[in-house]
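# Survey of secondary and tertiary structure
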Amino acid sequence: MQIQDMTTSVSPEKDKKVQAASLQNVGGMWQHQLRFGAVSLWDGGGAVSHLGEAKCCFVGTRSVVPFLCKWNVMPKTVDGQITMEKTPSYFVTNEAPKRIHSMAKDIKLIVVVRNPVTRAISDYTQTLSKKPEIPTFEVLAFKNRTLGLIDASWSAIRIGLYALHLENWLQFFPLSQILFVSGERLIVDPAGEMAKVQDFLGLTRVVTEKHFYFNKTKGFPCLKKPEDSGAPRCLGKSKGRTHPRIDPDVIHRLRKFYKPFNVMFYQMTGQDFQWEQEEVDK
Ligand SMILES: Nc1ncnc2c1ncn2[C@@H]1O[C@H](COP(=O)(O)OS(=O)(=O)O)[C@@H](OP(=O)(O)O)[C@H]1O
């Protein structure tokens, strides 16, 4: 069984094992990304190539990508392959559920979600790395800081309104076709989250603890030994960046802002991601 990358056109000669490295490249194709840990999940899946047979769509957030073009180059999936696609912006693109549904009603969707406050900071950190001149996070986060009015039109904040985005998807897909992966769990227990992914896809659990180790320098789990080389490998330096220090009061306000949306999201998914708990812990 092989994983088929939907973002590259494939000829029979190319119809070979998709290796961890190329999977990571797929994740890296998109300029604006979602900062949930989706690439980490993607890369984890690339630890082995024999995963089974299923159709799968990876849903992420940020930036609008020309997905019509992508569908046009979608390769044919042959027996024994699974087709995977990771496009960061789909989760927050209004037209995406309808279009994807008209293409493949039985598609399986995987969404990696992370505390929306951390996600917003991660998103900002990524933009800052490319445009160091942008205003501070604290400035961008508010429409009016004195009044405590959060700027929900800022994409870094809007994307974290998961319940609203999910509502859009549930008009077209039943919850049973969507798997929500915890971005936090993905860091502390990558094998556990990968187990859920494999179960969801109806696959034998092939990716396990033995594929991961915790790299102290990187501060994240890394792959012990990808199939394409004998060397352990961590994700690149754009994954796991140090975040700038954000005013704790701003963080507190953002947490308050997100709370009702998070609660709604937990109710909709039937999963408690415990993002409020994190606040108590800190
Ligand atoms: N194993 C491993 N190694 C490195 N980073 C990891 C890993 N697992 C999850 N993460 C978290 O993934 C965050 C980036 O999310 P994405 O993979 O979705 O990035 S991207 O948006 O597609 O660029 C990235 O966010 P930042 O910490 O803000 O850089 C990481 O916290």
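Keep in mind that what you see is a predicted model, and the values were worked out from it rather than measured. (Residues numbered from 1 in each chain as written. Predicted model: local features only at pLDDT ≥ 70, side-chain atom pairs only at ≥ 80, totals over all residues. Heavy atoms only, no water.)

## Concerning empty space enclosed by the protein
Counting across every chain of the model gives two cavities of 30 Å³ or more. The computed volume of the second largest cavity comes to approximately 60 Å³. Residue lining of the second largest cavity: ten residues in total, with N115, R255, N262, W275 and E276 positioned closest to the centre. When residues of the lining of the second largest cavity are traced back to their parent elements, those giving at least two are α5 (116–130), α11 (248–269) and α12 (275–281). In terms of residue count, the dominant contributor to the lining of the second largest cavity is α11 (four residues). For the lining of the second largest cavity, the residue count by class is four nonpolar, two polar and four charged. (1 Å grid on protein atoms, 1.4 Å probe; cavity = no way out; pocket = protein on both sides within 12 Å on 5 of 7 lines; lining within 4 Å. Points joined across faces, edges and corners; volume = space filled by probe spheres on them. Helix = DSSP H or I, 4+ residues; strand = E, 2+ residues; numbered from the N terminus. Nonpolar A, V, L, I, M, F, W, Y, C, P; charged D, E, K, R; others polar.)

## Concerning the state of the cysteines
The full count for this structure, using the stated rule, is one disulfide. Disulfide partner of C222: C234, at an S-S distance of 2.0 Å. Across the S-S bond linking C222 and C234, the dihedral sits near 100°, which makes this disulfide right-handed. One end of the pair, C222, is in strand β10 (residues 220–223); the other, C234, is in the loop between β10 and α11, and twelve residues separate them in sequence. (Disulfide = S-S within 2.5 Å.)

## Topic: α11
Helix length check: α11 (22 residues) gives 29 Å between terminal C-alpha atoms against 32 Å at 1.5 Å per residue, within 8%. The largest bend in α11 is about 40°, located at K259, with the proline P260 one to four residues further on. Of all the residues in α11, the buried ones are V250, L254, R255, F257, Y258, F261, N262, F265, Y266, M268 and T269. The backbone nitrogen of D249 has a side-chain oxygen 2.8 Å away, supplied by the residue at the start of α11, namely D247. Downstream of α11 by one or two residues, G270 has phi in the positive range, about 75°. (Expected span 1.5 Å × (residues − 1). Bend = angle between axes of the 7 residues up to and from the residue. Buried < 20%, exposed > 50% of the residue type's maximum accessible area, 1.4 Å probe, protein only. Polar contact = N/O pair within 3.5 Å; in protein donor to acceptor, adjacent residues only side chain to side chain.)

## Things to note about the side chain of S182
Mapping S182 onto the fold places it in strand β8 (residues 178–182). Overall, the relative accessible area of 8% leaves S182 in the buried class. In this structure the side chain of S182 is engaged in a polar contact, spanning 2.9 Å, whose partner is the backbone nitrogen of R185. Apart from the residues within four sequence positions on either side, S182 is in contact with V113, E193 and F273. (Contact = heavy atoms within 4.5 Å.)

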